[in-house]
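Survey of secondary and tertiary structure
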Amino acid sequence: QQKVQQSPESLSVPEGGMASLNCTSSDRNFQYFWWYRQHSGEGPKALMSIFSDGDKKEGRFTAHLNKASLHVSLHIRDSQPSDSALYFCAASEPAGGYKVVFGSGTRLLVSP
Amino acid sequence: NSKVIQTPRYLVKGQGQKAKMRCIPEKGHPVVFWYQQNKNNEFKFLINFQNQEVLQQIDMTEKRFSAECPSNSPCSLEIQSSEAGDSALYLCASSLPQISNERLFFGHGTKLSVL
């Protein structure tokens, strides 16, 4: 079964610190990746996408993709308490595919 | 603020009862997804639509789950005979056509508790 695995399951960082989240796909058909964030009591909200090898930076967030190893990561610089949430990696097939598979999630806690 | 509107936010049913939840996708989004998120926060894809047509769905062999997205009406997901294992957060998401892998916009979800 196609899966998207995330690590760690939970992560605690101090305010102002760097949080690093990882995601690995077991299926080479998955070429497009999104990171979503879900605060308690809300639905997930898309943070950023990455479709090409290398780094992509958006503000305090940097995503990295290595298609050869099917590994995606998300780094949050200068973490804030408001970043405390569940983070999900989502993978999908190339253009025209409607299958979006979500990872198991990482719970991030940023302590003041 | 979510522009995907899900109702109700909370739904409590007894075992064997019918449970129905609704979703109004974001305006202009023809693609609608339904996911079940369990207490371990794991996502299970249920079904998706483009306009009124089913694109993909899991093997709902139990036939207890049904869904539709009629024109000019909210989409809906219905569980015919609820079971304790159906207790979960049901998330609706909408998107533009997945031509360039558009993001999904989620509603707040309907939290179903089956007693």
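Above this text is the structure in question.
A brief report on the enclosed structure follows. Computed from a predicted structure; not experimentally measured.

Rules and cut-offs
- Residues numbered from 1 in each chain as written.
- Chains lettered and ligands numbered in written order.
- Predicted model: local features only at pLDDT ≥ 70, side-chain atom pairs only at ≥ 80, totals over all residues.
- Heavy atoms only, no water.
- Helix = DSSP H or I, 4+ residues; strand = E, 2+ residues; numbered from the N terminus.
- Contact = heavy atoms within 4.5 Å.
- Salt bridge = Lys/Arg side-chain N within 4 Å of Asp/Glu carboxyl O.
- Buried area = accessible area lost by both parts, 1.4 Å probe.
- Polar contact = N/O pair within 3.5 Å; in protein donor to acceptor, adjacent residues only side chain to side chain.
- Nonpolar A, V, L, I, M, F, W, Y, C, P; charged D, E, K, R; others polar.

**Focus: the environment of Phe-45 of chain B**
Residues and elements named next belong to chain B. Tracing the sequence through the fold places Phe-45 in strand E5 (residues 43-50). Along the primary structure Phe-45 and Ser-95 are separated by 50 residues, whereas in three dimensions their C-alpha atoms are 15 Å apart. When residues no more than four places from it in sequence are discounted, the contact partners of Phe-45 are Phe-33, Trp-34, Tyr-35, Gln-56, Gln-57 and Ile-58.

**Here's the deal with the pattern of salt bridges**
A side chain of one charge can pair with a side chain of the opposite charge if their charged atoms are brought near each other. All names here are of chain A. With the rule as written, the count across this model stands at five salt bridges over all chains. Two residues, Glu-58 and Lys-56, come together in a salt bridge whose shortest N-O distance is 3.8 Å. Taken together, the shared-partner salt bridges in this structure form one network comprising Arg-37, Arg-60 and Asp-83.

**Describing the interface of chain B and chain A**
The parts lose accessible area when they come together, and the size of an interface is often stated as this lost area. Contacts between the two partners involve 24 residues from chain B and, on the opposite side, 23 residues from chain A. For the chain B and chain A pair, buried surface summed over both sides reaches about 1900 Å², with 53% attributable to carbon and sulfur atoms. Counting across the chain B and chain A interface gives zero salt bridges. For the interface between chain B and chain A, the tally reads four residue pairs in polar contact (both at pLDDT 80 or more). Where the side of chain B that touches chain A is concerned, the elements lending two or more residues are strand E4 (31-37), E5, strand E6 (53-57) and strand E9 (88-95) of chain B. With four residues, the top contributor of residues to the side of chain B that touches chain A is E4 of chain B. Class assignment for the residues of the side of chain B that touches chain A results in 11 nonpolar, 10 polar and three charged.

In short, geometric facts, not functional conclusions.
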